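Observations on chain architecture
Each chain is listed here by its residues.
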Amino acid sequence: MIGLISATAAGAAARDRLAAAWPDRTRVYDGPVGEAVRAAFAECGQLVCFLATGAVVRLLAPLLGDKAADPGVVCVDEAGRFAVSLVGGHGGGANALAREVGQVLGAEPVVTTATDSAGLPGLDTLGLPCEGAVAAVSRALLDGEPVALEAEVAWPLPPLPVAPQGAYTIRLTDRAVRPGEREVLLRPPSLVVGVGASRGAPAGEVLGLVEEALREAGLSPASVAELATVDAKAEEPGIVAAAERLGVPLVTYAAEELAAVAVPNPSAAPLAAVGTPSVAEAAALLRGGELLVPKRKSAMATCAVVRRPGRGRLAVVGIGPGARDLLTPRAAAELRRASVLVGLDQYVDQIRDLLRPGTRVLESGLGAEEERARTAVAEARKGQAVALIGSGDAGVYAMASPALAEASDDIDVVGVPGVTAALAAGAVLGAPLGHDHVSISLSDLHTPWEVIERRVRAAAEADLVVTFYNPRSRGRDWQLPKALAVLAGHRGPATPVGVVRNASRPDESSRVTTLAALDPATVDMMTVVTVGNTATRIVAGRMVTPRGYRWQETSSTSGSAAGQEGGR
């Protein structure tokens, strides 16, 4: 919960805007400011104070204890110009909260944490338990000193400017080792503990068996991701309590699923009791991995430990048509998260400044789409966090299709939508896509012309607005005239046509002409051509395709139209 505190009417107005935007995340604290801050500090995980930073510092000073446990605190000035991350930038999440508050209120987030200012992810913000010399290693990274990454377990980390060797070390390990003087240990959630238990098995016995198995195998409890068992034991008190004490979820599987898993130590007892010859080993192994600790038994419980490999992550990111303000916040976040970036060289150049230090860039030229897709998937299979970029929306004539055709279920895939060239061009032209429309690529490098022509003819017969991608290049100069001739057989010579080159980029140019007047020689590969349907009109120099409604002044008709608008 986020506690909100203000002292003046202006502060209260901004406070109430934030409360209205986040009704389920916030709680307003009224009354004297000092009492409100003390109460919110004790009851909330984060605070937003609409007060002067000096006043908040004085109020917080006697309350501060441990930076790992204290709430994150953000200060917003009464004019709503700045959202200052004051306390708990990493541990309390104040840095991220300042950015969120800034988005809601239109305030500038002020973050002074050194790693954030330098574009580096904080070692204590990676979502992994960490221990050791966090401050010293972070300072070494900031100072450009060589810091080695020793990854004993493959895991999709964000980019870090690491070296093959160094006086400082970041070690990614699930082993029960102590950090060195200049070392940080990151604990990936790589261990799955399968458990079984007789009815009424004490929680202490289950937990003790698990802890003993981890200790004797030299494994860290901080890397346990989950306890796994059979559905029949989903509510067994001893197992449930053991998971709670370890702070991990309890995952259950049907007996039929477990019975299909090959295990080294099957037994007749669980087969008779719950319908599978193995519970602990099978539950741990069901999603794959390496069996580190075979089945161990106590009087009333069993357990086994498996190391699951880290699943690589592939984000297929649409970076928009070119303008930086048309790159979505989600796309920017994925670019910062990726340790490996794969893309066309000219697209990489557009977003290179957004990449964090340490990002490995794999770029190639035109015509290497399938190679880029294979490279991105291969890097993800190595356990990397990969971003594969495409112009506009990566799923529209871009990289999502070849990448997903290459990827299997051994990696996680995330799609990030982007503003397409058709949408960017449509906004420049007016409202040409106001009713049913279709996009067609005129490139016959991968699609036979006969197929393209059939699609153009179908769009013409259906009276759809048509946006042509890849309309004309030096080696393909006849396809656009051919496509326009097909459309001309179904709509008049005065049909509006919009031509936009480099939509949203600094050298953007556009014009509205007609089907009869368009000169295909003025079009190139950087151009989007939008041909209206029989209802499209030119209004004040802009293309407009009516939505087809008959607007009426009656409230019932207006309500119906509003309902259709809201459903889009």
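Because the structure is predicted, anything quoted here is derived from the model rather than measured. (Residues numbered from 1 in each chain as written. Predicted model: local features only at pLDDT ≥ 70, side-chain atom pairs only at ≥ 80, totals over all residues. Heavy atoms only, no water.)

Here we take up the nonpolar core. In terms of nonpolar packing, the biggest core is built from 23 residues, with V193 and L227 touching the most fellow members. Elements with a contribution of two residues or more to this core: β11 (191–197), α7 (203–216), β12 (224–230), α8 (237–246) and β15 (301–307). Here this core gets six residues from one element, more than from any other, and that element is α7. With residues up to four places along the chain from it excluded, the contact list for V193 reads V210, V224, E226, L227, A228, C303, A304 and V305. If you look at the next biggest cluster of nonpolar residues, it comprises 21 residues, including L442, I452, A460 and V499. (Core = buried A, V, L, I, M, F, W, Y, C linked by side-chain atoms within 4.5 Å. Buried < 20%, exposed > 50% of the residue type's maximum accessible area, 1.4 Å probe, protein only. Helix = DSSP H or I, 4+ residues; strand = E, 2+ residues; numbered from the N terminus. Contact = heavy atoms within 4.5 Å.)

Moving on, we get to the packing of helix α17 (residues 449–461) against helix α18 (residues 479–488). Where α17 meets α18, the axes come as close as 9 Å, and the angle between the chain directions of the two elements is 30°. Considering the angle they form, α17 stands roughly parallel to α18. Between α17 and α18 lies a crossing whose hand is right-handed. In this structure, α17 uses W449, E453, V456, R457 and A460 to contact α18, whose residues at the interface are Q479, K482, A483, V486 and L487. Here the residues of the contact of α17 with α18 are counted per class, giving six nonpolar, one polar and three charged. (Axes fitted to C-alpha atoms, helices over the stretch in contact; angles between N-to-C directions. Parallel < 35°, antiparallel > 145°, perpendicular 65-115°, else oblique. Left-handed = near helix turned anticlockwise from the far one by under 90°. Nonpolar A, V, L, I, M, F, W, Y, C, P; charged D, E, K, R; others polar.)

On to the packing of α7 against α8, then. Following both chains from N to C, one finds α7 and α8 inclined at 55°, their axes separated by 8 Å at the closest point. By the angle between their directions, the pair α7 and α8 is classed as oblique. When the axes of α7 and α8 are compared, the crossing they make is right-handed. Residues A203, G204, V206, L207 and V210 of α7 form the contact with α8, whose participating residues are G238, I239, A241, A242, R245 and L246.

A few words on the sheet that holds strand β17 (residues 340–344). Strand pairing in a sheet takes place through backbone hydrogen bonds and is either antiparallel or parallel in direction. Across the sheet, five strands lie side by side as β18-β17-β19-β16-β20; this open sheet has parallel pairing. Of all the strands in the sheet, the pair left with one neighbour each is β18 (360–364) and β20 (412–416). Taken pair by pair, the neighbouring strands of this sheet meet at an average axis angle of 15°, ignoring direction. Bridge count between β17 and strand β19 (residues 385–390): three bridges; the pairing is parallel. (Pairing = 2+ DSSP bridges.)

Moving on to the state of the cysteines. In total, this model carries zero disulfides according to the counting rule given. The thiol of C44 is not disulfide-bonded; the next cysteine sulfur, from C49, is found 10 Å away. With no disulfide of its own, C49 lies 5.4 Å from the sulfur of C75, the closest cysteine sulfur. Judged by its relative accessible area of 0%, C49 is buried. (Disulfide = S-S within 2.5 Å.)

To continue, consider the environment of R178. For R178, the location among the structural elements is in the loop between β9 (168–172) and β10 (183–186). Apart from the residues within four sequence positions on either side, R178 is in contact with E183 and L185.

In this fold, V348 is placed in helix α13 (residues 345–351). Separated by 14 residues in the primary sequence, V348 and L362 place their C-alpha atoms 9.1 Å from one another. If we ignore the near neighbours within four places in the chain, the residues touching V348 are L341, G343, V361, E363 and I389.

Listed as buried for helix α12 (residues 329–337) are A331, A332, E334 and L335. Along the long axis of α12, the arc covered by the buried residues comes to 160°, so they all point the same way. Summarising the geometry of α12, the exposed residues directed more than 90 degrees from the buried face are P329 and R330. Where α12 is buried, its residues touch β16 (313–318), β17, α13, β19 and β20. (Arc of directions from axis to C-beta.)

Turning to the sheet that holds β15, a few remarks are in order. Pairing is mixed in the open sheet, where five strands are placed in the order β13-β12-β11-β15-β14. Each edge of the open sheet is held by one strand with a lone partner, namely β13 (250–253) and β14 (290–297). Each strand of the sheet is rotated relative to its neighbour by a mean of 25°, with strand direction disregarded. As defined by bridge partners, β11 adjoins β12 across four bridges and the pair is classed as parallel. By the bridge assignment for β12, L191 is matched with V224. Sitting on the sheet, α7 touches β11, β12, β14 and β15, and the angle it makes with β15 is about 40°. Packed on one face of the sheet, α8 meets β11, β12 and β13 and runs near 175° to β12.

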